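# An overview of the molecular structure
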Amino acid sequence: MYCKNCGRKIPRGSLFCPNCGTRIEKENTSKANNNDASHKAEKLGSRVSAKASEFSSKASAKAADILNSNTAKAYKKRDVNFLKDIRGKKHTRYIIGTVVLLIIGYFGINFLYMPHMVKNAIVKSGFDTTSYAMDANLFTKKITLTADKSTAINLVAAACGDDFPMGPIGAEEQLNALQAALPGNKWTVEIVQNDSKEDPHVLWEYSKGRETVRYQNSGVFQANKIKYQQAQAQESENSTAAAAAGGAIFGGLLGIALSQ
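Every chain begins its residue count from 1, and numbering advances along the sequence as written. Per-residue local features of the predicted model are confined to residues with pLDDT of at least 70, and side-chain atom pairs are confined, for both listing and counting, to 80 or more; whole-chain, interface and lining totals are unaffected and use all residues. Side-chain numbers here rest on the full set of heavy atoms in the structure, without hydrogens or water.

## Quick notes on the overall build of the protein chain
We count a stretch as a helix when DSSP gives it H or I for four or more residues in a row; a strand needs E for two or more, and each element gets its number in order from the N terminus. The helix and strand inventory of the protein chain stands at four helices and five strands. Ordered by position from the N terminus, the helices and strands of the protein chain form the series α-β-β-α-α-β-β-β-α. Burial here depends on accessible area, computed with a 1.4 Å probe over protein chains only, as a share of the maximum for the residue type. Under 20% is buried, over 50% is exposed, and the range in between is partly exposed. Going through the 260 residues of the protein chain one by one, you find that 22% of them count as buried. Approximately 18600 Å² of the protein chain is accessible, and the part contributed by carbon and sulfur atoms is 57%. The accessible surface values rely on the Shrake-Rupley method and a 1.4 Å probe; as for residues, cover is taken only from the protein chains in view.

## Describing the sheet that holds strand 3 (residues 188-192)
For two strands to count as paired, DSSP must find a minimum of two bridges between them. One open sheet holds the five strands; their spatial order is 1-2-3-4-5, and the pairing between them is mixed. Two strands lie at the open edges of the sheet, namely strand 1 (132-137) and strand 5 (210-214), each paired on one side alone. On average, adjacent strands in this sheet sit at an angle of 15° to one another, irrespective of strand direction. With four bridges joining them, strand 4 (residues 202-207) and strand 5 adopt antiparallel strand pairing. If you follow Y206 over to strand 5, its bridge partner there is E211. The axes are straight lines fitted to the C-alpha atoms, using for helices just the contacting stretch, and the angles between their N-to-C directions are given from 0 to 180°.

## Focus on the nonpolar core
Core analysis: the largest hydrophobic core is formed by 29 residues, its most contacted members being L145, L155, L182, I191 and W204. Listing elements by their share of this core, those giving two or more residues are helix 1 (35-124), strand 2 (142-147), helix 2 (149-160), helix 3 (170-181), strand 3 and strand 4. For this core, the element with the highest residue contribution is helix 2, accounting for five residues. Contact definition: two residues touch when any of their heavy atoms are within 4.5 Å. In contact with L182, other than residues within four places in its own chain, are M117, V118, A121, I143, W187 and V189. For the purposes of this section, nonpolar cores are sets of buried Ala, Val, Leu, Ile, Met, Phe, Trp, Tyr and Cys residues that join through side-chain atoms within 4.5 Å.

## Describing a nonpolar patch on the surface
Every patch collects residues that have over 30% relative accessible area and no salt bridge, joining them within 9 Å if they carry like charges and within 5 Å if they are nonpolar side chains (Val, Leu, Ile, Met, Phe, Trp, Tyr). Salt bridge criterion: a side-chain nitrogen from Lys or Arg within 4 Å of a carboxyl oxygen from Asp or Glu. Taken together, the side chains of I96, V100, L101 and I104 make up a nonpolar region of the molecular surface, amounting to roughly 390 Å² of accessible area. With respect to the helices and strands, the residue L101 is situated in helix 1. Accessibility expressed as a relative area gives 61% for L101, which makes it exposed.

## Regarding the pattern of salt bridges
Considering all chains together, one arrives at three salt bridges under this definition. Notably, a salt bridge pairs R214 with E172, separated by 2.7 Å at the nearest N-O pair. Of this pair, R214 sits in strand 5 while E172 is found in helix 3, placing the two residues 42 residues apart along the sequence. The same class applies to R214 and to E172, which are both buried. Here R214 ties to E211 by a salt bridge, and the two come within 3.6 Å at their closest N and O atoms. R214 sits in the buried class, given a relative accessible area of 17%. If you follow the salt bridges from partner to partner, you end up with E172, E211 and R214 in one network.

## Some words on the environment of R214
Considered as a pair, R214 and P168 are 46 residues apart in the sequence and their alpha carbons are 9.2 Å apart. In this structure, R214 is in contact with M166, G167, P168, E172, L203 and W204, ignoring residues within four places of it in sequence. Among the polar contacts listed, one links the side chain of R214 to the backbone oxygen of M166, at a separation of 2.6 Å. Side-chain atoms alone can form a polar contact between residues adjacent in sequence; in general such a contact is a pair of N or O atoms within 3.5 Å, and within protein one must be able to donate a hydrogen while the other accepts it.

## Things to note about helix 2
In this analysis, the expected span of each helix is defined as 1.5 Å times one less than the number of residues it contains. Along its 12 residues, helix 2 runs 17 Å from first to last C-alpha, staying within 8% of the 16 Å computed at 1.5 Å per residue. Every buried residue of helix 2 is accounted for by T151, A152, L155, V156, A159 and C160. Positive backbone phi, approximately 60°, marks G161, located one or two places after helix 2.

## Brief notes about the side chain of K225
Inspection of the secondary structure assignment puts K225 in helix 4 (residues 219-259). The charge count includes Lys and Arg as positive and Asp and Glu as negative, but it does not include His or the ends of the chains. Buried charge without a partner: K225 forms no salt bridge, and the closest opposite charge is D163, 8.1 Å away. Setting aside residues up to four positions removed in sequence, K225 forms contacts with F164 and M166.

## As for unusual backbone geometry
The backbone of K141 sits at a positive phi, close to 55°, despite the residue not being glycine. Relative to the elements of secondary structure, K141 occurs in the loop between strand 1 and strand 2. Positive phi outside glycine occurs at K208, with the angle close to 55°. The residue K208 is located in the loop between strand 4 and strand 5 in this model. Overall, the relative accessible area of 56% leaves K208 in the exposed class.

Right, here's the structure in full:
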């Protein structure tokens, strides 16, 4: 059964519509003969209708309040989330931009500025590019100067000198000046040779502000120095013996001459 006023479905046996309070007329042929009962029923129906209407109004108002409150909360939450999303996107863009700038700066320094600066430092330190093959590793901060055969021979000869002195040679001073000209104090610079199997591969090396490899401290240099000193001692001994023999011969001849 449905209400003729509002069209809502009405439970069976109901006298009034629970939605709008309209009295329900029963569809049967028998009508109430008792006017008093009918009057009471109408009065009761009016009261129920009024109560139902009042309840409906309060319920609607309450529902509207709840809906408005929930809607306000939803909008507030949405606005907060929107602001957070905007701020998060801004922070992300800032971070990405900073990372990109750092990457560009890093590669710009290491692949544009540093090679040019290192080459100038090598040339200013006095190394001849025709006598040395130059290799610079910008990541490990290591510069290797490979001397050609004739240059390596001249360097070893300069280190040995006349009597194997232990003082620094010109190449060492140039190597020290090169390291001092490079930015920071983390560079390793070295002079190497690849032709002589007797001499060490690394002749001189400076690393982090100090000389870490020196040809004058190598076993080859020390062995040659000992050989040289022994030869000098033998030559001196031979010279002394020769002088003594010459003096003896001269004294003998002088004695013979005087005896005559």
